[in-house]
Each structure stands twice: as C-alpha cells, then as structure tokens.
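Coordinate inspection notes
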Amino acid sequence: MEHNIDQATKIYTIFCDLDGTIWEQGDPSELAKPGYQPKMIHGSLDKIREWDSKGYRIILTTGRKESLREVTAKQLSYAGVVYDQLVMGIGGGSRVLINDLRSNGDRSAFVFQPERNQGIAEIDL
Ligand SMILES: [Mg+2]
C-alpha cells in the first residue's frame, strides 16, 4: 500500500474500525447474541500486536451502539485484541478526521481504506 508517512515522528495514534476492518463484517442483528464471536481477518491480530509493541496508541472506533459496549469488549478480549480506547456510537456514515499540519508543514494525518474484509495486514506504519 503506497503512502507517505512522516518517518521522523514514528509515534502514531491509530483510529481503526472494527467490523469489516479487523474482523469480518457480520449480520448486525447477530452482533449481540450470546456466543456470537466475529471472525478475525487474517493478519489483523498480528498487525495490532505489532503496533502495540511499537508503542502506538490504538483507538478502536465503531458505529456499534454504546449499548453494545460490554459485548463488544468481550468479543475483543476473546479475540486477543489489545487497545487503548474503544470509541462507540460513531454511526455508519463516512468518517472525517481533521487535524492541523505540523509546524514544518508536514502532514499529521493519513488515511487507509482497505476493501471490506480485506484487513489491515498490508498497512505498514
Ligand atoms: Mg466497518
């Protein structure tokens, strides 16, 4: 995946979606059912652990409703996903990240959009 990351800083805060991004998109009506466990997309868990070991902040974001926090946290725990924060209820619309440029004019924000259920294994940070 081609990108232009600021190699000088190398401290990243990653906002990463859940459904369809780190684990497979499931039927929304199934998400909260007892015993439901999303299937991790190949390579996603290793990538998250790699980012964690590099000291990156991992903020998981999801359009899932806040009322699904407990079940979502359990699913993440069962899957072995490490993270710093879980931000819920951000809706299913397009996400827009706004952040000022660095004082030297370098970019301070980047976007990666893998195909649904492709996963994050190809993203090198
Ligand atoms: Mg998604």
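Before any of the text, the structure's been laid out above.
Thresholds, definitions, all that
- Residues numbered from 1 in each chain as written.
- Predicted model: local features only at pLDDT ≥ 70, side-chain atom pairs only at ≥ 80, totals over all residues.
- Heavy atoms only, no water.
- Helix = DSSP H or I, 4+ residues; strand = E, 2+ residues; numbered from the N terminus.
- Contact = heavy atoms within 4.5 Å.
- Phe/Tyr/Trp six-rings, centres within 6.5 Å; stacked < 30°, edge-to-face > 60°.
- Buried < 20%, exposed > 50% of the residue type's maximum accessible area, 1.4 Å probe, protein only.
- Donors = N, O, S within 2.8 Å, 3.2 Å for Na, K, Ca; no water.
- Pairing = 2+ DSSP bridges.
- Right-handed = clockwise from strand over helix to strand, strands pointing away.
- Salt bridge = Lys/Arg side-chain N within 4 Å of Asp/Glu carboxyl O.

For the rest of this paragraph, the subject is the environment of valine 71. Along the polypeptide, valine 71 turns up in helix α2 (residues 69–79). The sequence separation of valine 71 and leucine 31 amounts to 40 residues, and the corresponding C-alpha distance is 8.3 Å. Those residues within four positions of valine 71 in sequence are excluded, and the remaining contacts are Leu31 and Ala32.

Turning our eyes to something else, we now look at the packing of aromatic side chains. This structure, assessed with the given rule, holds one aromatic pair. Relative to tyrosine 56, the ring of tyrosine 12 has its centre 5.0 Å away and its plane inclined at 80°; by these criteria the two rings are edge-to-face. Residue tyrosine 12 is located in the segment before β1 (13–17), and its partner tyrosine 56 is located in the loop between α1 (44–53) and β2 (57–61); the two are separated by 44 residues in the primary sequence. With respect to class, tyrosine 12 is no different from tyrosine 56; both count as buried.

Our focus in this paragraph is the coordination of the magnesium ion. On the protein side, the magnesium ion has Asp17 (OD) and Asp19 (O) as donor atoms, found 2.1 to 2.2 Å from it. Residue class for aspartate 19 comes out buried when judged on its relative accessible area of 11%.

Glancing now at the environment of arginine 69. For arginine 69, the position within the fold is in helix α2. For the pair arginine 69 and methionine 88, spaced 19 residues apart in the sequence, the C-alpha separation amounts to 7.2 Å. Discounting chain neighbours no more than four positions away, the residues touching arginine 69 are Leu86 and Met88.

With that out of the way, let us pick up the pairing of β2. With four of its five residues buried, β2 lies for the most part within the structure. Here five bridges tie β1 to β2, and the two strands are oriented parallel to one another. Bridging from a neighbouring strand, phenylalanine 15 pairs with isoleucine 59 of β2. The parallel pair β1 and β2, bridged by α1, forms a crossover whose chirality is right-handed.

For the rest of this paragraph, the subject is the pattern of salt bridges. One pass over the full model with this rule turns up nine salt bridges. Where lysine 39 meets glutamate 24, a salt bridge forms, and the shortest distance between an N and an O atom there is 3.8 Å. Separated by 15 residues along the polypeptide, lysine 39 in the loop between β1 and α1 and glutamate 24 in the loop between β1 and α1 bring together distant segments of the chain. Salt-bridge contacts for lysine 47 lead to glutamate 50; the nearest nitrogen and oxygen are separated by 3.5 Å. One end of the pair, lysine 47, and the other, glutamate 50, are both in helix α1, three residues apart, so they sit about a helical turn from each other. On the basis of relative accessible area, lysine 47 is assigned to the buried category, the value being 5%. Take glutamate 50: its relative accessible area is 28%, and that puts it in the partly exposed class. Bridged by salt links that share partners, the residues Lys47, Glu50, Lys54 and Asp124 form one connected network.

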